[in-house]
Every structure is written in C-alpha cells, then in structure tokens.
Amino acid sequence: MNTSLFSEIELAPADPILGLTEAYNKDPNPAKVNLGVGVYQDETGKVPLLDVVRECALKWVQMETTKGYLPIDGIPAYTKGIQSLLFGDDSEVISEGRAVTIQALGGTGGLKVGADFIRKFFHQSEVWISDPSWENHRALFESAGFKVNSYPYYDASSHGLNFSHMIKALNSLPNDSVVVLHACCHNPTGVDPTEEQWEVIADLFAHSSRKLIPFIDFAYQGFSQGTEQDAYSVRLFAKKGIPCLIANSFSKSFSLYRERVGGLTILTSSAEESRNVLSQLKRVVRTNYSNPSSHGAQVVAMILGDPALRARWETELAGMRERIRKMRKLFVQGLKEAGVKGDFGFITNQNGMFSFTGLSSDQVDKLRDEYSIYMVRSSRICVAAMNEKNVGYICNAIAATMK
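Bear in mind that the values here come from a model prediction, so they are computed numbers and not experimental data.

**Student:** I would appreciate a short explanation of the overall build of the protein chain in the present structure.
**Tutor:** Looking only at helices and strands, the protein chain features 16 helices and 13 strands. Along the longest, intermediate and shortest principal axes, the C-alpha atoms of the protein chain span 65 × 65 × 55 Å. The buried share of the protein chain, taken over its 403 residues, is 55%. Carbon and sulfur atoms form 52% of the exposed surface of the protein chain, whose accessible area is close to 18,900 Å².

**Student:** Sorry, what's going on with the side chain of serine 224 here?
**Tutor:** Checked against the element boundaries, serine 224 lands in the loop between strand S8 (213–218) and helix H9 (227–230). Of the residues examined, serine 224 reaches a relative accessible area of 6% and is grouped as buried. In terms of polar contacts, serine 224 uses its side chain to reach the side chain of glutamine 225, at 3.3 Å. The contact partners of serine 224, leaving out residues within four places of it in the chain, are Cys185, Asp192, Asp230, Arg321, Arg325 and Asn351.

**Student:** Would you explain the pattern of salt bridges in this entry?
**Tutor:** A side chain with one charge can pair with a side chain of the opposite charge if their charged atoms come near. Applying the stated criterion to the full structure yields 16 salt bridges. Between glutamate 43 and arginine 323 there is a salt bridge, with the nearest N and O atoms lying 3.2 Å from each other. Of this pair, glutamate 43 sits in the loop between strand S1 (33–34) and helix H2 (51–63) while arginine 323 is found in helix H13 (residues 307–337), placing the two residues 280 residues apart along the sequence. Ionic pairing is found between glutamate 314 and arginine 310, a salt bridge with its closest N-O pair at 3.6 Å. Pair noted here: glutamate 314 and arginine 310 are both in helix H13, with a separation of 4 residues, about one helical turn. Taking relative accessible area as the criterion, arginine 310 reaches 17% and is therefore assigned buried. One network of salt bridges, in which partners are shared, links Glu228, Arg235, Arg310 and Glu314.

**Student:** Help me understand helix H7 (residues 163–170) in this model?
**Tutor:** Residue pairs three or four apart in sequence face the same way in an α-helix, which turns once every 3.6 residues. Every buried residue of H7 is accounted for by Phe163, Met166, Ile167, Ala169 and Leu170. End-on view of H7: buried residues confined to an arc of 160 degrees, all on one side of the axis. In H7, the exposed residues that point more than 90 degrees away from the buried face are Ser164 and Lys168. For H7, the secondary structure elements touched by its buried residues are strand S4 (148–152), strand S6 (160–161), strand S7 (178–182) and helix H8 (195–207).

**Student:** Any chance you could explain helix H12 (residues 295–304) here in plain terms?
**Tutor:** Judged by how many residues are buried, H12 sits mostly within the fold: 9 of 10 residues are covered. Among the residues of H12, those classed as buried are Gly296, Ala297, Gln298, Val299, Val300, Ala301, Met302, Ile303 and Leu304. Lining the buried residues of H12 we find H2, helix H3 (76–87), strand S2 (99–105), strand S10 (261–267) and H13.

**Student:** Teacher, can you tell me more about the packing of aromatic side chains here?
**Tutor:** Scanning all chains against the criterion turns up 13 aromatic pairs. On the basis of an interplanar angle of 80 degrees and a centroid distance of 6.5 Å, the ring pair of tryptophan 198 and phenylalanine 237 is categorised as edge-to-face. Pair noted here: tryptophan 198 is in helix H8 and phenylalanine 237 is in helix H10 (residues 232–239), with a separation of 39 residues, a long-range link. In terms of burial, tryptophan 198 and phenylalanine 237 fall into one category: buried.

**Student:** Is there a simple way to explain the sheet that holds S10 in this structure?
**Tutor:** Where strands meet in a sheet, backbone hydrogen bonds hold them as pairs that are either parallel or antiparallel. The strand order across the open sheet formed by 7 strands is S2-S10-S9-S8-S7-S3-S4, and the pairing between neighbours is mixed. One side of each edge strand has no neighbouring strand; the edge strands of this open sheet are S2 and S4. Averaged over all pairs of adjacent strands, the angle between strand axes in this sheet comes to 25 degrees, irrespective of strand direction.

**Student:** Honestly, the pairing of strand S9 (residues 244–249) in this entry has me stumped. Any pointers?
**Tutor:** The two faces of a sheet get side chains in turn, since along a regular strand they alternate between them. Most of S9 is tucked away, with 6 of its 6 residues classed as buried. Side chains Cys244, Ile246 and Asn248 of S9 all project onto a buried face; the interleaved residues Leu245, Ala247 and Ser249 project onto the opposite face, where all are buried too. In this structure, S8 lies alongside S9, joined through 4 bridges in parallel fashion. What sits directly across from phenylalanine 218, in S9, is asparagine 248. As defined by bridge partners, S9 adjoins S10 across 6 bridges and the pair is classed as antiparallel. Paired with asparagine 248 across the strands is glycine 263, a residue of S10.

**Student:** Got a minute to help me understand the nonpolar core in this structure?
**Tutor:** What tends to happen in soluble globular proteins is that the nonpolar side chains get buried as a cluster. Within the largest apolar cluster, 102 residues are counted, with the highest numbers of intra-cluster contacts made by Leu181, Phe237 and Phe331. For this core, the element with the highest residue contribution is H13, accounting for 9 residues. Ignoring any residue separated from it by four or fewer positions in sequence, one finds leucine 181 in contact with Tyr151, Met166, Trp198, Ile201, Phe205, Pro214, Phe215, Ile216, Asp217 and Phe237. Listed in part, the 28 residues of the second largest apolar core include Val113, Ile118, Leu245 and Leu264.

Quick notes on the rules
- Residues numbered from 1 in each chain as written.
- Predicted model: local features only at pLDDT ≥ 70, side-chain atom pairs only at ≥ 80, totals over all residues.
- Heavy atoms only, no water.
- Helix = DSSP H or I, 4+ residues; strand = E, 2+ residues; numbered from the N terminus.
- Buried < 20%, exposed > 50% of the residue type's maximum accessible area, 1.4 Å probe, protein only.
- Areas by Shrake-Rupley, 256 points an atom, 1.4 Å probe, with all protein chains shown as cover.
- Polar contact = N/O pair within 3.5 Å; in protein donor to acceptor, adjacent residues only side chain to side chain.
- Contact = heavy atoms within 4.5 Å.
- Salt bridge = Lys/Arg side-chain N within 4 Å of Asp/Glu carboxyl O.
- Arc of directions from axis to C-beta.
- Phe/Tyr/Trp six-rings, centres within 6.5 Å; stacked < 30°, edge-to-face > 60°.
- Pairing = 2+ DSSP bridges.
- Axes fitted to C-alpha atoms, helices over the stretch in contact; angles between N-to-C directions.
- Core = buried A, V, L, I, M, F, W, Y, C linked by side-chain atoms within 4.5 Å.

Rendered as structure tokens:
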C-alpha cells in the first residue's frame, strides 16, 4: 500500500481562543463561564441580533432579485458607508478621492488583503505589533511571509500604556517597517493612547524619514466612547495626510459575526494614486477569494445609508457599550466584596470588551480546572461575557484562587 501524501503532516496546535471555546463546550459544569471568547454577549449570555439588523435583513431578502456576483471590490454603497463612518461625511479625503476602500471578509479579511498587498510591493519590510497584541496578528502577517516583531505597549505595573518606550521603539524602526496600531479598544489590554498621545504618534509617522507604514486595526468602532470619538486616530492620520492602511470590522458593532462584514481602506496622496492602488487591491482579492459575500454587507449598507436607520443602530450600539461599562464596575465592586486584595480600579478605566486581570497562568489554570471559568493564559478576559448572574460567581472564584 502506498504511503499517504499526508502521512507526514503533524497535528496543529489548537487556536488559543477557539481551542478554549471547544474545551468550554465540552465542560458539563452548569456554572461554567467562557471569558476567553471575543464576542459581545447580552445579559442572557447570547450574541444578540440587533432589532434594526433583523428588520433590514428581512427587508433585503424581499428586495433581492439576483444572486449574481458582486464587484471584486464590493458593494459601492457599502464601501461608501465605511468611508463615511471612518472619516465623516465632510472629509476632504473622500471628496478628493484619496481613500480607497474594498469590502472584505470581516476585519481579519481586511488585514489579510492588506498584508498580501504590502508584501507584494514592500517585500523587504518587517512587521511590528504591540506587546501584547491580538493573537492572530502575528500568525496572519507571518502567513503572508513577513518577519513579525513587537514594540513595547503595555505596562503591567501601572496597568497602563508604556508610552515613552513605545515611542522610543517606533523611532528606531528600520525603513519601510509596517506598524500595526489599534485605533481604539486595544485587544487584549483595553488600554488606549489619549488624544494627546495619538498626536505624538501621528507626528512620528508624518515626519519620519524612514517612511514607516502604519496599518490601523479598527475592529471596535463605537465600543469605547462612540463612533465619532472612536475614529479620532483614523481621522487624525487622514487630516495630517499620512498614507496608511485601515482594516475595519462590523462583526462587533452590528453583531454580525457569521456574516463576515469588514473592509480595508488605504489612504493615498491623490486620486490618481488611488486608482492605481485599487487596481492592485482587486488583483489581490481576485487571487484570494475572487469577490465578497452579499447579505451582511447589504444590511450594513442599508443602515449606514439611511439617517433614521443609522440613528437606531447608534442607539443599540450605545446600549452594548454601556452594558460593558456597567459590568466593569460590577466586576471591580464584586472583587472588592469577595475580599480580593489590591486595587482593580484600572479595569473601569479601560475601553472595549477586553481587560487584563493580572492573574498568573497557574491561577488561570486553577480557575478553569476547579471552577470551569475559562480565559486565555495571558489572563485576558472578555468583560462582555459577564452578566449580573455570573459576575458574583466569577469574583468569588477569583478570590478563592488568589488566597
């Protein structure tokens, strides 16, 4: 019998997030809690279907007349909606044609297309991600052929941003380095630069003689302060005329995870440059997945293109944002009431769905093994997975584990 073509292929290690969810799903403990998954959950522990999304999804099904292919770069109304959300309706970047946007398969798809695009034209570049960063950043850019390094970001002692070391590191990067930045709601720490710090960061890119390539991951617009405020960093780069790439996602803000709705936007210096960039992006998409999917993007386009529908979406998004803030406060209060020593107030100052608890990997393992509370070993937790029914159990388990 001939040896199989695949006999030498080894079992790949489980994804640190998806593997955790698999273990959680197999756990028979009725009190189990999954704090590792990166999705928003409502008070009942379910991923919600927003009312305005449900209404528009049904409306689109009734309106749809064909299942033909979409354009390679996506639905025009959808990409227009992305640019409006990123830069504002009165942005000169849009009116002057200095923004190129394609529809992508979620934020991850936007990152992947962007990575392949950069690799094609800057094949000697290396990529720099924050320490720490979203686990998939390293794997994604490595799979595109890049060497991936890290720059200082999180200060564990202060539970804040190690800004001076971050700037020092960015100022010393080699020519054409790709720097991955988080626009807001930094994953996994929840620690963001202030507006004043973003000014310093933007000026570093604007005035650097090494032509650094900023790649902004914008997965959580609306989950920090609001859609307008959260776009501060992106609009600052646009205002200063800094060429950059921006990957955005609607998975969280529209709760459309399985629909894979995202985009990639590239800021250029002219309309002519935009045309050239778009032509090359289309080639990357064509050899990757040919063209994007329709349903979720049609729903998003419908909502962003109608002021009344958009206002309803903004209201529902604000409800999700405020629930996360509430759970941060209840979590800190619960830890104190459970007798946990130390000040965890920093958790209320962080933004978005995630936070670092500062627990050791051994404590994380104990929480999983003895209390069926699952989190990644870095101690990152998804605050959005907490609710008023499980937060007390979580706090008491942490208190018992830290004794």
